[in-house]
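What follows is the residue order along each chain.
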Amino acid sequence: MQLAVWTYEGPPHVGAMRVATAMTDVHFVMHAPQGDTYADLLFTMIERRNKRPPVTYTTFEARDLGSDTAEIFKDSVRDAYERFKPGALLIGESCTAELLQDNPSGLAKGLNLPVPTVGVDLPAYQRKEHWGASETFYQLVRHLARRDLQKLSADTGRPSCNLLGPTALGFRHRDDVKELAKLMEDFGIDVNIVAPLNCSAAELATVGQADFNIVLYPEVAETAARWLEREFGQPFTKTVPLGITGTRALVREVSDIVGRELSEDDIACNMPWWSRSIDSTYLTDKRVFVFGEGYRAAAAAKVASSELGFQVVGLGCYNREGARAVRETAKELGIEPLITDDYLAVEEALSEVQPELVLGTQMERHIAKRLGLPCTVISSPVHVQDFPAGYSPQYGPEGANQLFDTWVHPLVMGLEEHLLGMFREDFEFNDDAGASHLGGHGARPQQAAASEIVANPQPTNHETATVSGEPESADFTWEADAEKELKKIPFFVRGKARRNTERYAVQHNVAQITVETLYEAKAHYGR
């Protein structure tokens, strides 16, 4: 276990909570002390859920450690059943309670309650959130799936599938499910159940009635899908349907499973043409850094490279379960993968390669902002703004359209920012002018000056030296004309130009950076 200011994944019981919260009538009883109830906020604040997660905490206190914490746990299980009447009980413990070794799963099963009681072993000091979600979903499927039901296709004559993997707190899971369900419907394939999202315990019991499984999120559902393949003979898909290429690959895979030709031409999507259109050609070979959950990051790198013509200069993930997919994709792209859950290592890698666009998590958004780089969030962990009120999938045909819009937008905004910088001294656009669209052109010197200080703070020598990687004793200043010339450079590469110029100044003992120094540095590093 590592002490950190920020982490990409929570402990495994958070993964278990994501599965329990996604389902409609599963209640999670967690053996935990006071203070471990913080996870509620993840769902009510970040995902904006209108009700608390279905979790009961034993909330034992320090004074209880001298008595019988096992009895406290059993009382909590009984009370939870009587109060909530769930379709199934899920039993687990937090990292703190794990040290007590009370065996909560055994205690709960010993109560002989009239509902399925599923215990999940969540080793908090060896595993993390995604593993916890995967193990929890696997155990629920394994304990609840009925073997006495016949296939749906025997009655309907149409093939059927399950959509597996979407959870609470998942990045665009709600909308991905709608998009993939519609895609299957268009191809004449019935959806038996979606699980765990919005699935009841009774519905999960019918998982074996489908002919095959579509694994939307391997980090959650692959373990369960492999078990279903062995026990129920259900094949499952291996393709992450991100982008139009991924969507078509999924359709081909489903076509092979059902033994029926499914036409890829029926998939309507704007992305292929838009990515080749005249106003998108300047995006070709833009340098992109991709980091996130392993399966998502690998799929995103393929979309960036093959569908948008970006040059992927960095690729990595934070979860070891998805590391294989990242390593394979990185090998195809000819780059070194970055497998780490240390955000400082990610920041160091970003500072080194200086990409023109970052595709990452909430943390990469913070890092990119600090480094002056455009960024789009593509993977969990995410924050409240990544749970939009409207329809915004990442998978399927419409998901591909959304990828184009959200990935290209920061680069387009970069061009607009550059144009505004070029016309900074224009009578209409200079900082002292009022808002022209409101009809006001009067000068506002005091407000303009204050805005300039907030928007463009001048770095100190210490800040400059630290960011550029040079010794903190570097002593140089920028002339006003050189600063003015620097602002003519597009903002998405301006930081790199500044760093290169300052590095050049240190190496050549230049105390005063002039316009000439700026262009000498450009020529030096452009060789």
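Residues numbered from 1 in each chain as written. Predicted model: local features only at pLDDT ≥ 70, side-chain atom pairs only at ≥ 80, totals over all residues. Heavy atoms only, no water.

Notes on the nonpolar core
So the rule is basically this: As used here, the term nonpolar core means buried Ala, Val, Leu, Ile, Met, Phe, Trp, Tyr and Cys residues forming a set that is joined through side-chain atoms within 4.5 Å. The buried label applies to any residue whose accessible area, calculated with a 1.4 Å probe on protein chains only, is under 20% of its type's maximum; exposed applies above 50%, and partly exposed to all values in between. The contact definition used throughout considers only heavy atoms, calling two residues in contact when any of these lie within 4.5 Å.
Formed by 102 residues in total, the largest nonpolar core has its most connected members in Phe 28, Phe 137, Leu 204, Ile 214, Val 290, Leu 315 and Trp 407. Residues in contact with Leu 204, not counting those within four places in the same chain, are Met 23, Phe 137, Leu 140, Val 141, Leu 144, Ala 145, Ile 193, Ala 195 and Cys 199. Judged by nonpolar contacts, the second largest core, of 15 residues, contains Phe 291, Tyr 343, Leu 350 and Leu 373.

Let's talk about the pattern of salt bridges
Going by this rule: We define a salt bridge as a contact between a side-chain nitrogen of Lys or Arg and a carboxyl oxygen of Asp or Glu at a distance within 4 Å. Only runs of H or I of at least four residues qualify as helices and only runs of E of at least two qualify as strands under DSSP, and these elements are numbered from the N terminus.
Evaluated as defined, the whole model comprises 18 salt bridges. Note that Glu 47 and Arg 49 form a salt bridge whose closest N and O atoms lie 3.0 Å from each other. Residue Glu 231 is joined to Arg 147 by a salt bridge in which the shortest nitrogen-to-oxygen separation is 3.2 Å. You can see Glu 231 sitting in helix H10 (residues 218-232) and its partner Arg 147 sitting in the loop between helix H6 (129-144) and helix H7 (153-156), a full 84 residues away along the chain. Exposure remark for Glu 231: the relative accessible area of 37% places this residue in the partly exposed category. One continuous salt-bridge network, built from bridges that share partners, spans Glu 483, Arg 498 and Glu 502.

Let's talk about empty space enclosed by the protein
To keep it simple, the criterion reads: A pocket, in this scheme, is an open set of points on a 1 Å grid over the protein atoms alone with protein on both sides within 12 Å along at least 5 of 7 lines, while a cavity is a set where a 1.4 Å probe fits but cannot get out; residues line either one if an atom lies within 4 Å of a point. Grid points are joined across faces, edges and corners, and a volume is the space filled by probe spheres set on the points.
This structure, assessed with the given rule, holds one cavity of 30 Å³ or more. Arg 18, His 130, Gly 170, Phe 171, His 173, Tyr 217, Glu 219, Glu 293, Arg 296, Ser 379 and Ser 380 together form the lining of the largest cavity.

Concerning the pairing of strand E8 (residues 287-292)
The condition is simple: A pair of strands is treated as paired once DSSP finds two or more bridges between them. For a crossover, the right-handed case is the one in which the path from the first strand over the helix to the second runs clockwise, viewed with the strands pointing away from the viewer.
In terms of burial, E8 is largely enclosed, as five of its six residues are buried. Strand direction decides the pairing type here: E8 and strand E9 (residues 311-317), joined by six bridges, are parallel. Directly across from Arg 287, in E9, lies its bridge partner Gln 311. After leaving E8, the chain enters helix H13 (residues 294-306) and then returns to the sheet as E9, a path that is right-handed. Note that E8 and strand E11 (residues 357-360) share three bridges and pair parallel. What sits directly across from Val 288, in E11, is Leu 357.

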